[in-house]
Amino acid sequence: MVTIHFQFIPSPFVFHRKKKVIWVWNNMKVDQAHVFKELPFEPGLSRLIVRLPTAWRCEILISSFTHMIQCWLLLSGLFKLSPVKGLPCEGQLNPAISKKPEESVKSKTSKGSKKGSPSSSSKLPPVCYEIITLKTKKKKKMAAEIFPTKKPVSVATVQQYQQQNLNNNNTIQCCNWQGLYSTIRERNAVMFNNELMADIRFVVGQSGGTQRLPGHKYVLAVGSSVFHAMFYGELAEDKDEIRIPDVEPPAFLAMLKYIYCDEIDLSADTVLATLYAAKKYIVPHLARACVNFLETSLSAKNACILLSQSCLFEEPDLTQRCWEVIDAQAELALKSEGFCDIDAQTLECILRRETLNAKEIVVFEAALSWAEAECQRREMHTTIENKRKVLGQAVYLIRIPTMGLDDFANGAAQSGVLTLNETNDIFLWYTAAKKPELQFVCQPRKGLTPQKCHRFQSCAYRSNQWRYRGRCDSIQFAVDKRVFIAGFGLYGSSCGSAEYTAKIELKRQGVVLGTNLSKYFSDGSSNTFPVWFEYPVQIEPDTFYTASVVLDGNELSYFGQEGMTEVQCGKVTFQFQCSSDSTNGTGVQGGQIPELIFYA
């Protein structure tokens, strides 16, 4: 047996959270941190085991002293060996080490005798190595790149843990679960909604529907400045449980999942509540993701309620998007269920809107529907008097004098919401030369000005062309920003005045988004004649839509030529391509559907 003298000095980074390296030599724990220890060495039997605070463990079977030095050098991924002052340089062995043991002992007898130890002649000279952090100019690698797992964790395993955590069923059955994951992100994700090492609990939700969720202060403080102030700020309170009655449990879980797992999990049912939670706890990237989700899913059905929420959350971009939809598809938005759920301030903003593209009778009926819902929210009987009461001064924002006389007489005048004097004054406004003063706004709304995208540079007509006979003319188009297609501009007869029946249709990937059947009269000129959809159709950018028309008329028609594949209309760019639905000859270069009428 040979005894070797070593000095073990841990690298500075291993003292994380006041923990130290554990050195084990032949199953015997060794003192550490600048402590000298004589260790018995037996070639082929001695093992050096290094355990770090990060649960990394290295076990080496030592066959010789030289092998030990080589093993240390092989660990250059984490450490670099440098000799202690006065000892051999890195990579060099003492000449005595490379000799046979007997020669080594003899050559050092004189030096060993100076210490007065009779047994020192049988020992090799002390060789000390200092372990220092590896320094390199190369790009730093993550731990997962230096030590890749032999068996990567499967997606099913990760999803299983996440599903357990969502259900608060977070018992970790594997004692070495850290070894299953190669990145800190994956290991952090295991802690999501997990009682393991949790040092704070949240009671989330209103009374009767609360949910108790575990948390980890350090992780939460890293993800939110509000949590940092709560747990580590100057006014931090040492509480084991925090009640959060104003946030819904699914929304709070969605926020925690983002903080722990760096994953965004949003749905139409929870996105608004998640946005509220992200705003409250200042998690800006999650809030931005919520806004993007809302903008993508924005439609006439939810535009009014999202308008109300965007004003509350101070999201001007989302507010502008909502106004674009409400202006262009005003009648659909006003008839939606979401309109009845808005607050009184948002109602007044909509009724005051100058660019609202809707008939005034539709605005009036929508206001009455909102008043009925507001009575129910206030637990009031839905009588005519109560409807007028909850509407308050907002009723004068409805431009009743701008309605058609029939709409007023058969609608607003008989609703009971107006007083007798108001009804008489409005009738006089319609009929009398000297009009009375009214509290209502008397100027009609300006609405939106339709724009036209003309895709042909010229038009022509020839004998025996263009004839319809019920066949379909079709073209595909795409835009680079959201617009609303209100209708098509179509050619008329080239042989004098004539009447046409037109069935127009707008599809996306085979799904019909809008259709209408109507008649229009052609005066024989080469002008285009508008044919409208019942409601404008919302068109999303970077997606091709199919515009189709089936015309029925006895006379020959004008047709377009010198078609363009790309047309710039204001701030919107249209692209055109041929459609397989076209069976009457229309394509990019020529044919029918010369114009797309849209709002932007």
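Residues numbered from 1 in each chain as written. Predicted model: local features only at pLDDT ≥ 70, side-chain atom pairs only at ≥ 80, totals over all residues. Heavy atoms only, no water.

Within an unreviewed UniProt entry, the label attached to the chain reads BTB domain containing 3, and the organism entered is Cyprinus carpio carpio. Recorded under Subcellular location (unreviewed entry), the UniProt text for the chain is reproduced unchanged: "Cytoplasm". Quoted verbatim from the Subunit (unreviewed entry) heading of the UniProt record, the comment on the chain is "Interacts with cul3. Interacts (via BTB domain) with zbtb16/plzf." (UniProt positions renumbered as here; feature names shortened; annotations may be inferred.)

The subject of this paragraph is the overall build of the chain. What the chain contains, in helices and strands, is 20 helices and 23 strands. Relative to its 600 residues, the chain shows a buried fraction of 44%. In the chain, the proportion of contacts linking residues at least 24 apart, taken out of those at least 6 apart, comes to 70%. When the accessible surface of the chain is summed, it comes to about 32,500 Å², and 51% of that surface belongs to carbon and sulfur atoms. (Helix = DSSP H or I, 4+ residues; strand = E, 2+ residues; numbered from the N terminus. Buried < 20%, exposed > 50% of the residue type's maximum accessible area, 1.4 Å probe, protein only. Contact = heavy atoms within 4.5 Å. Areas by Shrake-Rupley, 256 points an atom, 1.4 Å probe, with all protein chains shown as cover.)

All right, on to the side chain of Glu 540 then. Take Glu 540: it is sitting in the loop between β18 (528-539) and β19 (545-552). At 3.3 Å, the side chain of Glu 540 forms a polar contact with the side chain of Arg 482. Not counting residues within four places of it along the chain, the set of residues in contact with Glu 540 comprises Val 479, Arg 482, Arg 508 and Tyr 545. (Polar contact = N/O pair within 3.5 Å; in protein donor to acceptor, adjacent residues only side chain to side chain.)

Turning to the pattern of salt bridges, a few remarks are in order. If you walk through the whole model with that rule in mind, you get 20 salt bridges. With a closest N to O distance of 3.1 Å, Glu 237 and Lys 239 form a salt bridge. Given a relative accessible area of 43%, Lys 239 falls into the partly exposed group. Taken together, the shared-partner salt bridges connect Arg 185, Lys 257, Glu 263 and Asp 265 into one network. (Salt bridge = Lys/Arg side-chain N within 4 Å of Asp/Glu carboxyl O.)

This part covers the nonpolar core. Counting 92 residues, the largest nonpolar core has Phe 202, Phe 252 and Ile 400 as the members making the most contacts within it. Top contributing element to this core by residue count: helix α17 (residues 360-377), with 10 residues. If near-sequence neighbours (up to four positions away) are discounted, Phe 252 is found in contact with Phe 202, Val 204, Leu 213, Phe 227, Ile 244, Val 247 and Tyr 281. In terms of nonpolar packing, the next biggest core, distinct from the first, is built from 36 residues, Ile 485, Ala 498, Phe 533 and Phe 574 among them. (Core = buried A, V, L, I, M, F, W, Y, C linked by side-chain atoms within 4.5 Å.)

What follows covers the confidence of the model for the chain. Where the model shows low pLDDT, its predicted coordinates should not be examined in detail. Model confidence for the chain is summarised by a mean pLDDT of 77, while 70% of its residues fall at 70 or above. When pLDDT is averaged over each helix and strand of the chain, the minimum, 35, is found for strand β8 (residues 129-133) and the maximum, 96, for strand β22 (residues 572-578). Segment residues 49-60 is flagged for pLDDT under 50; beyond a separation of four residues in sequence, or across chains, it makes 35 contacts in the model. Every residue in residues 72-153 scores below 50 in pLDDT, and together they form 96 contacts with partners more than four places removed in sequence or on other chains. (pLDDT = per-residue confidence, 0-100.)

This next bit is on unusual backbone geometry. Not every positive phi belongs to a glycine, and Glu 379 is a case in point at roughly 60°. Residue classification places Glu 379 among the exposed positions, given a relative accessible area of 76%.

For the rest of this paragraph, the subject is the sheet that holds strand β12 (residues 451-454). Read across the sheet, 4 strands follow the order β12-β23-β15-β18 without closing on themselves; strand pairing throughout is antiparallel. The open sheet terminates on both sides in strands that have one partner only, identified here as β12 and β18. The mean angle between the axes of side-by-side strands here comes to 25°, regardless of whether they run parallel or antiparallel. Pairing between β12 and strand β23 (residues 595-599): 4 bridges, direction antiparallel. Each bridged residue has a counterpart across the sheet, and for Gln 451 the counterpart in β23 is Phe 598. Helix-sheet contacts for helix α14 (residues 316-328) involve β15 (483-491), β18 and β23, and the interaxial angle to β15 is about 35°. (Pairing = 2+ DSSP bridges. Axes fitted to C-alpha atoms, helices over the stretch in contact; angles between N-to-C directions.)

Locating Leu 391 in the fold gives a position in helix α18 (residues 384-391). Along the chain, Leu 391 and Ala 371 lie 20 residues apart, while their C-alpha atoms are 6.1 Å from each other.

Another point: helix α16 (residues 344-351). Where α16 is concerned, the buried positions are Thr 346, Leu 347, Ile 350 and Leu 351. The buried residues of α16 all sit within an arc of 135° when viewed along its axis, so they share a single face. Of the surrounding secondary structure, the elements contacted by the buried residues of α16 are α13 (303-313), α14, α15 (330-335), α17 and α18. Of the residues that open α16, the one with a side-chain oxygen 3.1 Å from the backbone nitrogen of Gln 345 is Asp 343. (Arc of directions from axis to C-beta.)

What follows covers the packing of aromatic side chains. In the structure shown here, the tally under the stated rule is 17 aromatic pairs. Aromatic side chains Phe 192 and Tyr 260 sit 6.3 Å apart centroid to centroid with 50° between the ring planes, which places their arrangement in the tilted category. Placement of Phe 192 in the loop between α7 (184-190) and β9 (200-204) and of Tyr 260 in helix α10 (residues 249-261) is noted, with a sequence separation of 68 residues between them. Comparing Phe 192 with Tyr 260, the two get one shared label, buried. Both rings, one in Tyr 500 and one in Tyr 520, keep their centres 5.7 Å apart while their planes meet at 20°; by these two values the pair is stacked. Of this pair, Tyr 500 sits in strand β16 (residues 498-508) while Tyr 520 sits in strand β17 (residues 511-522); the two residues are 20 residues apart in sequence, bridging distant segments of the chain. In this structure, Tyr 500 and Tyr 520 share a single accessibility class: buried. Taken together, the ring pairs in this structure connect Phe 202, Phe 227, Phe 231, Phe 252 and Tyr 281 into an aromatic cluster. The lysine or arginine in question, Arg 353, covers the ring of Trp 323, its NZ or CZ lying 4.1 Å from the ring centre. Over the face of the ring belonging to Phe 576 we find Arg 455, whose NZ or CZ atom lies 5.8 Å from the ring centre. (Phe/Tyr/Trp six-rings, centres within 6.5 Å; stacked < 30°, edge-to-face > 60°. Lys NZ or Arg CZ within 6 Å of the ring centre and 35° of its normal.)

If you trace the 3 strands from one edge of the open sheet to the other, you get β10-β9-β11, paired in mixed fashion. In this open sheet, the two strands that pair with only one neighbour each are β10 (211-215) and β11 (241-244). The mean angle between the axes of side-by-side strands here comes to 25°, regardless of whether they run parallel or antiparallel. In terms of strand pairing, β9 meets β10 through 5 bridges, oriented antiparallel.

What follows is about the pairing of β22. Both strand β14 (residues 472-479) and β22 contribute to a ladder of 5 bridges, which runs antiparallel. Bridging from a neighbouring strand, Val 479 pairs with Phe 574 of β22. Note: strand β21 (residues 566-569) against β22, 4 bridges, orientation antiparallel. In the strand pairing of β22, Glu 566 is matched with Gln 575.

In the structure shown here, the tally under the stated rule is 0 disulfides. Free cysteine Cys 304: the closest other cysteine sulfur is in Cys 322, separated by 8.6 Å. (Disulfide = S-S within 2.5 Å.)

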